[in-house]
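Single-letter residue listing:
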Amino acid sequence: MRLDKYLKVTRLIKRRTVANEACDAGRISVNDKVQRASYDVKDGDIIEINLGQKPLKVKVLKVTEYTTKETAAELYEVVE
């Protein structure tokens, strides 16, 4: 699944266009490398989001196309 879509599906970022713009601005890194929106997310990846004051670091637990609001948080776990 594309990085921008994963961020939207997991509700880490509200809209896919915002996620896409954040990737283009270099604010999203995967495994300590800045990635484009087209990066293919895999289980075990560490995603760091640098929006706002404090960066958010999450580990990908599962990649799925669709999820509900209640189960979105089960797709990742916050690291540090």
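About the cut-offs
- Residues numbered from 1 in each chain as written.
- Predicted model: local features only at pLDDT ≥ 70, side-chain atom pairs only at ≥ 80, totals over all residues.
- Heavy atoms only, no water.
- Helix = DSSP H or I, 4+ residues; strand = E, 2+ residues; numbered from the N terminus.
- Rg over C-alpha atoms; globule rule 2.2 N^0.38 Å.
- Buried < 20%, exposed > 50% of the residue type's maximum accessible area, 1.4 Å probe, protein only.
- Contact = heavy atoms within 4.5 Å.
- Areas by Shrake-Rupley, 256 points an atom, 1.4 Å probe, with all protein chains shown as cover.
- Lys, Arg positive; Asp, Glu negative; His and termini not counted.
- Charge placed at Lys NZ, Arg CZ, Asp CG, Glu CD.
- Pairing = 2+ DSSP bridges.
- Salt bridge = Lys/Arg side-chain N within 4 Å of Asp/Glu carboxyl O.
- Core = buried A, V, L, I, M, F, W, Y, C linked by side-chain atoms within 4.5 Å.

Novice: For this particular structure, what's the right way to read the overall build of the chain?
Specialist: Looking only at helices and strands, one finds two helices and five strands in the chain. Along the chain, helices and strands appear, N-terminal first, in the series α-α-β-β-β-β-β. The C-alpha radius of gyration computed for the chain amounts to 11 Å, which stays within 12% of the reference 12 Å derived for 80 residues, consistent with globular compactness. Scored against the burial criterion, the 80 residues of the chain give a buried share of 35%. Pairs at least 24 apart in sequence give 37% of the contacts found in the chain among residues at least 6 apart. Of the accessible surface of the chain, which amounts to about 5,200 Å², a share of 47% is contributed by carbon and sulfur atoms. Of the charged side chains in the chain, 16 are positive and 13 negative; the average position of the first set lies 4 Å away from that of the second.

Novice: What is the right way to read the sheet that holds strand β1 (residues 28-30) from this model?
Specialist: Pairing is antiparallel across the open sheet formed by five strands, whose spatial order is β2-β1-β3-β4-β5. At either margin of the open sheet sits one strand with a lone partner, and together these are β2 (33-34) and β5 (76-78). Bridge count between β1 and β2: two bridges; the pairing is antiparallel. Note on β2: the bridge partner recorded for serine 29 is valine 34.

Novice: Can you help me understand the side chain of threonine 10 in this one?
Specialist: Within the element layout of this structure, threonine 10 appears in the loop between α1 (3-9) and α2 (16-24). Those residues in contact with threonine 10, other than ones at most four positions away along the chain, are Ala72, Leu75 and Tyr76.

Novice: Hey, could you run me through the pattern of salt bridges in this one?
Specialist: All told, the structure shown has three salt bridges when counted by the stated rule. A salt bridge links aspartate 4 to arginine 2; its shortest N-O distance comes to 3.1 Å. We classify arginine 2 as partly exposed; its relative accessible area is 35%. As a salt-bridge pair, arginine 16 and aspartate 4 come within 3.3 Å of each other at their nearest N and O atoms. Note that arginine 16 is positioned in helix α2 and aspartate 4 in helix α1, a separation of 12 residues in sequence.

Novice: So what exactly am I meant to see when it comes to the nonpolar core here?
Specialist: Of all hydrophobic cores here, the largest spans 21 residues; its most connected members are Leu3, Tyr6, Leu7, Ile28, Ile47 and Ile49. Those elements that provide at least two residues to this core are α1, α2, β1, β3 (46-49) and β4 (56-60). The residues touching leucine 7, leaving out its near neighbours within four places in the chain, are Leu12, Ile13, Ala19, Ile28, Ile47 and Ile49.

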